Amino acid sequence: MGFIGYAAGATLTDLTVCGEVEYTASGSGAGGLVGAVIYADGKVTTLSNCVNEAIITANGGGNAGGMIGRSTGNISIVGGSNGGTVNADANYVGGAVGYIINSGENVPSLTITDFTNGGKIIGATGVGGVVGLIHSGTKAATHALRYVKNTGEIVGENQVGGIVGVNYGSIENCKFSGNVIGDNEVGGIAGVNEETGEIRRCESNANVIGNHSAGGIVGNNHGILNNCSNSGSINTY
């Protein structure tokens, strides 16, 4: 559910979406631009300089993102921003993309460059200012976020991050300067950085509030952290 329900190898350029998008079922996603991206024989769905100002709501188990709700296809997002509130009652919610899914043999790639989120992002598990969850896969796929920024408030329960909720990919030169609030595994850049995850040259000036495993950069780290800095506050309750 979105401005476009499903996309497969599409190119969207200089679009702005306002209003409201509401999805009340499970099994798919809600996004300002695209509800779900589908694998299309390796073709890339590209969003270039697109803006979402719509309020995105997913009730009943659907994923939600400011631009794209969920994806089993390859995605490239260049420029653009989300200023709308994204609110889901389930897992995997993000300012740009909610959920990148490993669909067996077809492991989707995701690249996001020069994107900004300023909207409030609300979900349960796997909640991020830019991406909720970037899934691992059985085949090599590019999962890279570069020069993205988040200034919005991120609120979840578990695996909550200022940029990504759960990261299996590469996050470089990213900045977060908002509030991130959760219960477990809460971080200024990522809630969880998995074994294949790499976070390099990122800055957090966030207020991190969590109950267990709260960190200025990462709540729970299993991967690589390099040349990152935190100048924000970390609070437990």
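Our structure's up above, just so we're on the same page.
### Describing the pairing of strand E17 (residues 110-113)
Working note: regular strand, side chains alternate between the two faces of the sheet.
Then, number 1: Burial along E17 is one-sided: the residues Leu-110 and Ile-112 are buried and none of Thr-111 and Thr-113 is.
Then, number 2: Sheet analysis places E17 next to strand E22 (residues 143-146), joined by four bridges and oriented parallel. Opposite Thr-111, over in E22, you have Ala-144 as the bridge partner.

### Concerning the sheet that holds strand E32 (residues 198-200)
Then, number 1: With parallel pairing, the eight strands of this open sheet are ordered in space as E2-E7-E12-E17-E22-E27-E32-E37. Since the sheet does not close on itself, it has two edges, and those belong to strand E2 (11-13) and strand E37 (224-226), each with one partner. For this sheet, the mean inter-axis angle between neighbouring strands, taken without regard to orientation, is 5°.
Then, number 2: Note that E32 and E37 share three bridges and pair parallel. Of the residues in E37, the one forming a bridge with Arg-200 is Asn-226.

### Describing the sheet that holds strand E14 (residues 86-88)
Then, number 1: Sheet architecture is open: eight strands sit in the order E4-E9-E14-E19-E24-E29-E34-E39, paired in parallel fashion. Two strands close off the open sheet at either side, each with one partner strand: strand E4 (20-23) and strand E39 (233-236).
Then, number 2: Relative to strand E19 (residues 121-122), E14 is paired through two bridges, and the arrangement is parallel. By the bridge assignment for E19, Val-86 is matched with Ile-121.

### Some words on the pattern of salt bridges
Then, number 1: Tallied over the full model, the rule gives four salt bridges.
Then, number 2: Across the pair Lys-120 and Glu-153 runs a salt bridge, and its minimum N-O distance is 3.4 Å. A residue pair is termed long-range when its members are at least 10 positions apart, and Lys-120 in the loop between strand E18 (116-117) and E19 and Glu-153 in the loop between strand E23 (149-150) and strand E24 (154-155) qualify at 33 residues.
Then, number 3: In this structure, Glu-198 engages Arg-200 in a salt bridge whose closest nitrogen and oxygen atoms are separated by 3.2 Å.
Then, number 4: Glu-198 sits in the partly exposed class, given a relative accessible area of 27%.
Then, number 5: Put simply, Arg-146, Glu-172 and Arg-201 are held in one network by salt bridges that share partners.

Analysis parameters
- Residues numbered from 1 in each chain as written.
- Predicted model: local features only at pLDDT ≥ 70, side-chain atom pairs only at ≥ 80, totals over all residues.
- Heavy atoms only, no water.
- Buried < 20%, exposed > 50% of the residue type's maximum accessible area, 1.4 Å probe, protein only.
- Helix = DSSP H or I, 4+ residues; strand = E, 2+ residues; numbered from the N terminus.
- Pairing = 2+ DSSP bridges.
- Axes fitted to C-alpha atoms, helices over the stretch in contact; angles between N-to-C directions.
- Salt bridge = Lys/Arg side-chain N within 4 Å of Asp/Glu carboxyl O.

It is worth stressing that arrangement in space is one thing and function is another; only the former is reported here.
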